[in-house]
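Each chain, letter by letter, is given below.
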Amino acid sequence: MSNLFKKSELWLSIVVIAVYSILQSLAIEGNERIGIEYSVSAVITLALAVVLYNFIRKNNLRDYYGFKALQVPPRGFLYFVPLVVLISINLWNGVKINLSLIDSICYLLYMLSVGFVEEVLFRGFLFRAIAKDNLRMAVIISSLTFGLGHLFNLINGSGMSPIANLCQVVGAVAVGLLFVIVLLRGESILPCIVTHSAIDMVSLFSDETGLTTEKRILFGVARVVIVVMYLLVICRKNKETEKLGLVMTKRK
């Protein structure tokens, strides 16, 4: 990985994303053979998370990829309250225990590692590789690829309906854009990892009984509206912070 990183960050991101996608497909078959849902998926994704973090640590890339404290005051992000609201959307239709204890543990471990891996891949590797030449394109591509990657759920045996998948894709694009802006403004990928993992983990307790197409669309629209409003606030708040910083610098 280190040699490929030195040659081309973009190719490294493409290769690792491809490997991740292939491993996810293989893991689904492994889960079915073992008979424990998400067991193989959890092991493989946790292992990949460890590999990625060790690569980042050994090559002194933690600051480069945003593994550091938030660089602006939390009030510039409304103390991340809107992110908590986004996390709660999966529970708006009710709460339910959907899996057995062992399956639940595997699911939570899997989703915890998915949040880490996908943020490193899309907001880390891919975003940084493209941003070196074109920041705007990096924002667009990292958001779109992250969202469109969820189309994979139509063919991976998840049983998700086209409407549900479309809502998921649109929501993922919006949330992906939000995460990029949070990373850019706060210079830290940590809030993105925590929120991503939490959204996925909370879905374990989502009650889909009576979850109609209309409700799915309504929840999807709500997610997009929250993201758009939060983006506007983040941009405005951080501009105020930047102006304050300039004033303080001039006074010194």
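Read on for a plain summary of the structure. Owing to the predicted nature of the structure, the values given are computational and were not obtained by experimental measurement. (Residues numbered from 1 in each chain as written. Predicted model: local features only at pLDDT ≥ 70, side-chain atom pairs only at ≥ 80, totals over all residues. Heavy atoms only, no water.)

## So, the overall build of the protein
Of the regular secondary structure elements, the protein holds nine helices and zero strands. Across the protein, helices and strands are ordered from the amino to the carboxyl terminus as α-α-α-α-α-α-α-α-α. For the protein, with 252 residues in total, the buried portion stands at 44%. Considering only intrachain contacts with a sequence separation of at least 6, the fraction spanning at least 24 residues in the protein is 78%. As presented, the protein carries roughly 13400 Å² of accessible surface, and 67% of it is formed by carbon and sulfur atoms. (Helix = DSSP H or I, 4+ residues; strand = E, 2+ residues; numbered from the N terminus. Buried < 20%, exposed > 50% of the residue type's maximum accessible area, 1.4 Å probe, protein only. Contact = heavy atoms within 4.5 Å. Areas by Shrake-Rupley, 256 points an atom, 1.4 Å probe, with all protein chains shown as cover.)

## As for the pattern of salt bridges
Considering all chains together, one arrives at four salt bridges under this definition. Across the pair E208 and R216 runs a salt bridge, and its minimum N-O distance is 3.4 Å. (Salt bridge = Lys/Arg side-chain N within 4 Å of Asp/Glu carboxyl O.)

## Some words on the packing of helix 5 (residues 101-131) against helix 8 (residues 190-202)
The N-to-C vectors of helix 5 and helix 8 enclose an angle of 140°; their axes lie 8 Å apart at closest approach. On the basis of their axis angle, the class for helix 5 and helix 8 is oblique. Considering how the two elements wind past one another, helix 5 and helix 8 form a crossing that is right-handed. Every residue of helix 8 that contacts helix 5 at Y107, L108, M111, L112, V114, G115, F116, E118, E119 and R123 is listed here: C192, I193, H196, S197, D200 and M201. Residues of the contact of helix 5 with helix 8, tallied by class, amount to nine nonpolar, three polar and four charged. (Axes fitted to C-alpha atoms, helices over the stretch in contact; angles between N-to-C directions. Parallel < 35°, antiparallel > 145°, perpendicular 65-115°, else oblique. Left-handed = near helix turned anticlockwise from the far one by under 90°. Nonpolar A, V, L, I, M, F, W, Y, C, P; charged D, E, K, R; others polar.)

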